[in-house]
Amino acid sequence: GQQVMQIPQYQHVQEGEDFTTYCNSSTTLSNIQWYKQRPGGHPVFLIQLVKSGEVKKQKRLTFQFGEAKKNSSLHITATQTTDVGTYFCAGPYDYKLSFGAGTTVTVRA
Amino acid sequence: KAGVTQTPRYLIKTRGQQVTLSCSPISGHRSVSWYQQTPGQGLQFLFEYFSETQRNKGNFPGRFSGRQFSNSRSEMNVSTLELGDSALYLCASSLGRGPLGDYEQYFGPGTRLTVT
């Protein structure tokens, strides 16, 4: 089963609004990775967080790694139609990379 | 650098047949992982190869197998296909000197397998 849980499963956002997706692990992670998969595409690496409490920004995307290194979040400001897709978090477990179920984002223009 | 390539992109097979999928990693990447993606189960890890050795395996039946060649190219094989094997099969490469989860994965476009 999945070791990493993501919520919400679906996020319907009005263009211009902000939203956040969350990722939770039952165990401490050495790092967490985020990927984006556009409809009909393949997962594309966005970022890796390693340090406790780390915050990284990519333009309108802000990624955070929790202090206990058990949770992470992705916050998108001023959502655009280009943000459509599924966002996955992934963490290492037992020498494998376990992906969350993903948050599928749709945008209303 | 060229990205990860996978062939074929689409495949239709009949139950009971077998299939072989191919993956060419990014030049210099020695780790190749395979994933099965379905709407219901998400991204499920199949196995990882590093320097021609299977380093890790997911919870899939023995019908799923793979190998890696000396040039890091990898193949996966599914024998005795079942309807439930219909999925997008993704391979990903990484530098992978250490454990799989330590490195960012670069995914190929996938092979869409349909079993009828």
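Just above, that's the structure.
Conventions we followed
- Residues numbered from 1 in each chain as written.
- Chains lettered and ligands numbered in written order.
- Predicted model: local features only at pLDDT ≥ 70, side-chain atom pairs only at ≥ 80, totals over all residues.
- Heavy atoms only, no water.
- Core = buried A, V, L, I, M, F, W, Y, C linked by side-chain atoms within 4.5 Å.
- Buried < 20%, exposed > 50% of the residue type's maximum accessible area, 1.4 Å probe, protein only.
- Helix = DSSP H or I, 4+ residues; strand = E, 2+ residues; numbered from the N terminus.
- Contact = heavy atoms within 4.5 Å.
- Disulfide = S-S within 2.5 Å.
- Polar contact = N/O pair within 3.5 Å; in protein donor to acceptor, adjacent residues only side chain to side chain.

Draft legend 1. Region of interest: the nonpolar core. In terms of nonpolar packing, the biggest core is built from 21 residues, with Trp34(B), Leu46(B), Phe64(B), Met76(B) and Tyr89(B) touching the most fellow members. When residues of this core are traced back to their parent elements, those giving at least two are strand E3 (19–24), strand E4 (31–38), strand E5 (42–50), strand E8 (74–78), strand E9 (87–94) and strand E11 (111–115) of chain B. Leaving out residues up to four positions away in the same chain, Tyr89(B) has contacts with Gln6(B), Leu21(B), Tyr35(B), Gln36(B), Leu46(B), Phe64(B), Met76(B), Gly110(B), Thr111(B) and Leu113(B). Phe19(A), Ile32(A), Leu46(A) and Ile47(A) belong to the second largest nonpolar core, which has 20 residues in total.

Draft legend 2. Molecular detail of the state of the cysteines. Residues and elements named next belong to chain B. Applying the stated criterion to the full structure yields two disulfides over all chains. Each sulfur of the disulfide joining Cys23 and Cys91 lies 1.8 Å from the other. Measuring handedness by torsion sign, the sulfur bridge of Cys23 and Cys91 sits at about 60° and is right-handed. Of this pair, Cys23 sits in strand E3 while Cys91 sits in strand E9, and the two are 68 residues apart along the sequence. An identical accessibility class is assigned to Cys23 and Cys91; each is buried.

Draft legend 3. Molecular detail of the environment of Gln37(A). The topology assignment puts Gln37(A) in strand E4 (residues 32–37). Sequence separation of Gln37(A) and Ile76(A) is 39 residues, and the distance between their C-alpha atoms is 15 Å. When sequence neighbours within four positions are dropped, the list of residues in contact with Gln37(A) reads His42(A), Pro43(A), Gly85(A), Thr86(A), Phe88(A), Gln37(B) and Leu88(B). Within the local environment of Gln37(A), its side chain forms a polar contact with the side chain of Gln37(B), the two groups lying 2.8 Å apart.

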